[in-house]
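If you want the building blocks of each chain, they are given just below.
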Amino acid sequence: MSSRDERSDAALDKRQIRLAFGRAAPHYDRVAGLQRSTGEVLLQHLPEGLAFARALDLGCGTGFIAGRLLKTQRCQRVVAVDLAWPMLQMARAKLAGEARIDYVCGDAEALPLLSGCCDLVISNLAVQWCQPLRRAAREMFRVLQSPGSVAISSFGPTTLVELKHAWRAVDDRPHVNDFETVEQVIMALQMAGFVMVKAHVQSETVFYEGVGQLMAELKNLGAHNIARGRQRALTRRRDLRQMIAAYEALREPQGLPATYELLYVTAHKH
């Protein structure tokens, strides 16, 4: 399949992804608690006792992973890549005293980097915006040296299952982003040439005071619905009330639950 065909087959709107995360950049860190905790777990999945010369932080956001890699001396230098330029600006401002980071605005599916330029690719909750993943997987393989390692975290398909359920009470349109399964992620990496692919899946439930708080957080994270088949018109108040009523039926003593399926995958290039 050609790259043109793959782009036309994409489930998510890349332009909307860039715009959404660009708008989210100024307030991203205030609501990115799950992203930070997932990033800490992802760092624990790196090979023990191994330090890297140059790491690629793919979908670096505001620089959390890049900063942690250098602070913990897991690598000597970091290339921080993000699709949204405002995210890179926030990362540069936050890590202003750190001279060992190179900032690059680029697409994970067409990285503006030389082949074999790094010995680690790490990506925290970013590759789920590359659908299908196979093109980004090939790019990660290309920019890695041999030997090299990749470690990624991603959302799985049961993420926000409660919100999907609530919207199904209204209509069958895609109101919530769909994500690839761990099997699909593993297959994409293997097809790109990676070996020793290992995966760990866990679920985390976050509780919210109400639907409004959840929707506001998703918007502030840039993670609201950006599927190609999404409804473009404004949601009618009647539909919104119907969705909220369906979600409220799921309320627990702690609040409204929102499930996040977290995929942690590591692999190697020989």
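Note that the structure is a prediction, hence the values are computed from the model and not measured. Think of each chain on its own: its residues are numbered from 1, step by step along the sequence as written. In view of the model being predicted, local features appear only for residues whose pLDDT reaches at least 70, and side-chain atom pairs are presented and counted only at 80 or more, with totals across whole chains, interfaces and linings using the full set of residues. The side-chain figures draw on all heavy atoms in the structure; neither hydrogens nor water molecules are used.

Our focus in this paragraph is empty space enclosed by the protein. Lining residues are defined by having an atom within 4 Å of a point belonging to a cavity or pocket. Those points lie on a 1 Å grid over the protein atoms alone, cavities being sets where a 1.4 Å probe fits but cannot get out and pockets being open sets with protein on both sides within 12 Å along at least five of seven lines. Grid points are joined across faces, edges and corners, and a volume is the space filled by probe spheres set on the points. Across all of its chains, the model carries one cavity of 30 Å³ or more by this definition. Considering only enclosed or pocket space, the largest cavity measures out at about 40 Å³ in volume. In this structure, the largest cavity is lined by Val 127, Gln 128, Cys 130, Gln 131, Leu 133, Ser 154, Glu 180 and Val 185. Split into classes, the residues belonging to the lining of the largest cavity amount to four nonpolar, three polar and one charged. In this classification, the charged set is Asp, Glu, Lys and Arg, the nonpolar set is Ala, Val, Leu, Ile, Met, Phe, Trp, Tyr, Cys and Pro, and all remaining amino acids, among them Gly, are polar.

The next subject is the pattern of salt bridges. Two side chains of opposite charge can pair, provided their charged atoms sit close to one another. Salt bridges are defined as contacts in which a side-chain nitrogen from Lys or Arg sits within 4 Å of a carboxyl oxygen from Asp or Glu. Within the structure shown, the criterion is met by 12 salt bridges. Notably, a salt bridge pairs Arg 142 with Glu 139, separated by 2.9 Å at the nearest N-O pair. Pair noted here: Arg 142 and Glu 139 are both in helix α7 (residues 134-143), with a separation of three residues, about one helical turn. Of the charged contacts, one joins Arg 236 and Asp 239 as a salt bridge, the two residues approaching to 3.1 Å between their closest N and O atoms. Working definition: with a 1.4 Å probe on protein chains only, accessible area under 20% of the residue-type maximum means buried, over 50% means exposed, and in between means partly exposed. A relative accessible area of 48% places Arg 236 in the partly exposed class. Under the relative-accessibility criterion, Asp 239 is labelled buried at 7%. In the salt-bridge network here, residues are joined through shared partners; they are Lys 14, Asp 107 and Glu 109. Secondary structure counts use DSSP, requiring at least four H or I residues in a row for a helix and at least two E residues in a row for a strand, with both numbered from the N terminus.

Turning to its location among the elements, Thr 62 is positioned in the loop between β1 (52-58) and α5 (64-71). Looking at Thr 62, its side chain comes within polar contact range of the side chain of Asp 29, at 2.6 Å. Note on definitions: a residue-residue contact is assigned when non-hydrogen atoms from the two residues lie within 4.5 Å. Every residue in contact with Thr 62, bar those within four places of it in the chain, is listed here: Ala 25, Tyr 28, Asp 29, Met 87, Met 90, Ala 91 and Lys 94. Any pair of N or O atoms that falls within 3.5 Å is considered a polar contact. Within protein, one atom must be able to donate a hydrogen and the other to accept it, and sequence-neighbouring residues count only if both atoms are side-chain atoms.

Only when DSSP finds a minimum of two bridges between them are two strands counted as paired. Reading across the sheet, the seven strands line up as β3-β2-β1-β4-β5-β7-β6 and stay open at both edges, with mixed pairing between neighbours. The strands lining the two open edges of the sheet, one partner per strand, are β3 (101-105) and β6 (195-208). Across the sheet, the mean angle from the axis of one strand to that of its neighbour is 15 degrees, orientation sign disregarded. As paired strands, strand β5 (residues 144-155) and strand β7 (residues 256-269) are joined by eight bridges and run antiparallel to one another. Its bridge partner lying in β7, Gly 148 is registered against Lys 269. All axes are obtained by fitting lines to C-alpha atoms, using only the stretch in contact for helices, and the reported angles, taken between N-to-C directions, cover 0 to 180 degrees. Across the sheet, α7 is in contact with β1, β4 (118-124), β5 and β7; its angle to β5 comes to roughly 145 degrees.

A patch is a set of surface residues, each over 30% in relative accessible area and not in a salt bridge, joined within 9 Å for like charges and within 5 Å for the nonpolar side chains Val, Leu, Ile, Met, Phe, Trp and Tyr. Working definition of accessibility: Shrake-Rupley area with a 1.4 Å probe, residue cover restricted to the visible protein chains. Within this scheme the basic residues Lys and Arg register as positive and the acidic residues Asp and Glu register as negative, but His and the chain ends are omitted. Charge placement uses NZ in Lys and CZ in Arg. For Asp and Glu, CG and CD serve respectively. Together, Arg 15, Arg 18, Arg 23 and Lys 219 line one region of the surface with positive charge. At three residues, helix α2 (residues 14-24) tops the list of elements feeding residues into the positive patch.

Any Phe, Tyr or Trp ring, taking Trp's six-membered ring, that has another such ring centre within 6.5 Å forms a pair; planes under 30 degrees apart are called stacked, those over 60 apart edge-to-face, and the others tilted. By the definition in use, this model includes five aromatic pairs. Centroid distance Phe 141 to Phe 194: 5.1 Å. Interplanar angle 90 degrees. Geometry classified as edge-to-face. Of this pair, Phe 141 sits in helix α7 while Phe 194 sits in the loop between α9 (182-192) and β6, and the two are 53 residues apart along the sequence. By relative accessible area, which is 22% here, Phe 141 ends up partly exposed. Between Phe 155 and Phe 179 the ring centres are 5.7 Å apart and the planes differ by 40 degrees, which places this aromatic pair in the tilted class. One end of the pair, Phe 155, is in strand β5; the other, Phe 179, is in the loop between α8 (161-168) and α9, and 24 residues separate them in sequence.

What follows deals with the confidence of the model for the protein chain. Should the pLDDT be low somewhere, the predicted coordinates at that spot are not to be read in detail. How sure the predictor is of each residue is captured by pLDDT, a score from 0 to 100. Per-residue confidence for the protein chain averages 91 on the pLDDT scale, and 91% of its residues sit at or above 70. Under a pLDDT of 50 for its full length, residues 1-9 has, in the predicted model, 11 contacts with residues more than four places off or in other chains.

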